[in-house]
Amino acid sequence: MSDNGPFNSQDMSLQPPALTPDYRSSRLRAPHHKLLSLEQGAGELAGPAFGQDVIGPNDNNLIINYAAPGAAAIGEQIMVHGYLLDENARPVPEALLEFWQANAGGRYRHKKDSYLAPLDPNFGGCGRTITDEMGYFSFRTVRPGPYPWPNGGNDWRPAHIHFSCFGQGWAQRLITQMYFEGDPHIQLCPIVQTIPDPKAIERLTARLDMEHTVPMQFRAFRFDIVLRGRGCTLFENKLEGN
Amino acid sequence: MSHSQSASQTAGPYVHIGCTASVAGLENMYGGCDLGADIFPPNVPGQKIVISGQVFDGAGDPVLDAMLEFWQADATGRYGANGPSGGWARRAVDAEAGRYRLETLLPAASGEEAAHVKVWVVARGINLGLHTRIYFDDLPQGQDPILVAIKDPGRRSTLIAQRSGDDGYIFDIHLQGDKETVFINV
Ligand SMILES: [Fe+3]
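Cut-offs used in this document
Residues numbered from 1 in each chain as written. Chains lettered and ligands numbered in written order. Predicted model: local features only at pLDDT ≥ 70, side-chain atom pairs only at ≥ 80, totals over all residues. Heavy atoms only, no water. Contact = heavy atoms within 4.5 Å. Buried area = accessible area lost by both parts, 1.4 Å probe. Salt bridge = Lys/Arg side-chain N within 4 Å of Asp/Glu carboxyl O. Helix = DSSP H or I, 4+ residues; strand = E, 2+ residues; numbered from the N terminus. Nonpolar A, V, L, I, M, F, W, Y, C, P; charged D, E, K, R; others polar. Pairing = 2+ DSSP bridges. Donors = N, O, S within 2.8 Å, 3.2 Å for Na, K, Ca; no water. Tetrahedral: all angles 85-135°; square planar, octahedral: opposite > 155°, others 65-115°. Buried < 20%, exposed > 50% of the residue type's maximum accessible area, 1.4 Å probe, protein only. Core = buried A, V, L, I, M, F, W, Y, C linked by side-chain atoms within 4.5 Å.

Draft legend 1. Highlighting the interface of chain B and chain A. Between chain B and chain A, the contact holds 66 residues from the first and 85 residues from the second. Taking both sides of the interface into account, the surface hidden between chain B and chain A amounts to around 6,700 Å²; carbon and sulfur atoms contribute 58%. Viewed at the interface, chain A and chain B are joined by 5 salt bridges. Put simply, B:K118 and A:E44 hold a salt bridge, and the shortest N to O gap is 2.8 Å. At 5 residues, the largest contribution of residues to the side of chain B that touches chain A is made by helix 1 (residues 15-19) of chain B. Among the residues making up the side of chain B that touches chain A, the classes are represented as 37 nonpolar, 19 polar and 10 charged. Note: strand 1 (residues 36-37) of chain A against strand 10 (residues 184-185) of chain B, 2 bridges, orientation parallel. For A:L36, the partnering residue across the bridge sits in strand 10 of chain B and is B:I184.

Here is the structure:
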């Protein structure tokens, strides 16, 4: 394995195709031409980095980071935690993760969201953190509610948290979503179902983690994110016994 | 390889809450500072330019909920040489016409690659973020590997920003249709 070589190509069998007609918004927003393949240059191998100094003390606590002093967001309190890794199972340290979500009633604090569920005056719906040297991250929040969305039918999003991930190179940039184990809407949602491989959907589904659930306080959910690795060939795999 | 890459999911129409909070109406989040508001720290040497344009869908309508990220070399052709996030910026397009505006420094060529700004586009309806590049019509493009690889001159022109005025360039992004921008699998 090489630390400075190109990133492995995107595994398109695990990624949603651009055009997914059941998700109506993709119909006019999916490019029709094939993507042009590129040999990665210095700019794809490097990427922006963000130090701890951009992170405030409550940025990873959505229960209080928008609340009035002494107040808290309404809803079931949870912790979400896990590891940011690459395909070689190596940690991705010092990477910025940003997350955003609807409140416990399924309403976003956004000018364009007019769903009937009320806004929670003490919930903003965004947070961020930087992974540690092991790629570990954690944050506290309230469990988001499912919400309906206009897609031509009776479509409801499963409860979810959006994640924006920076890696160590521009080629690793990723935005994805985290779902919750056992949510029946996962099967029904045209956005989730843009992903062709059911195993890839499972990997976006956080598991209840009783080991880190704190009695009488909050439940923990475990969610790992895997970015593209670099310089991994089949031959090297065998050598290292992965 | 022992792990599989996580699948992408659309950034959705509310990406601004997480990435440009002040645009979503959360003005006081994070001390009122959106990450990537300024692409370089002050006093980095280089020629100041402004790149602006709009994002359009396949019907020719402006895309009003896109978020764009930009990543570029500095005036000496180096990436990441001006502070940890220097050379990186992020913009929400405006809700009226899908317009963006980036005040930056003209990048220099880097190796074989002609001077360009990398762009990443996410929005509702985009399942996997789209990479493209902004080249400049009044700079030499030499044997840039991407431009050379695009045989159709009409397609190639979708990556070239047009000079407009003293310090300005216009670069529109078409997700689909006759003028569809060339997108790149990096
Ligand atoms: Fe959402």
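Draft legend 2. Structural detail: the coordination of the iron ion. Residues and elements named next belong to chain A. Taken together, the protein donors to the iron ion comprise Y108 (OH), Y147 (OH), H160 (NE2) and H162 (NE2), at separations of 1.9 to 2.2 Å. Here the iron ion is ringed by 4 donor atoms whose angles at the metal span 89 to 164°, and the overall shape comes out irregular. Its relative accessible area of 1% is what places Y108 among the buried residues. Using a relative accessible area of 1% as the deciding quantity, one classes H160 as buried.

Draft legend 3. View of the nonpolar core. If you look at the biggest cluster of nonpolar residues, it comprises 69 residues, and the most contacted ones within it are A:F163 and A:I225. If near-sequence neighbours (up to four positions away) are discounted, A:I225 is found in contact with A:Y83, A:L84, A:L85, A:F137, A:F163, A:C165, A:L174 and B:S6. Core analysis: the next-biggest nonpolar cluster, separate from the first, contains 30 residues, B:V55, B:V63, B:A89 and B:F171 among them.

Just distances and angles here, no functional claims.
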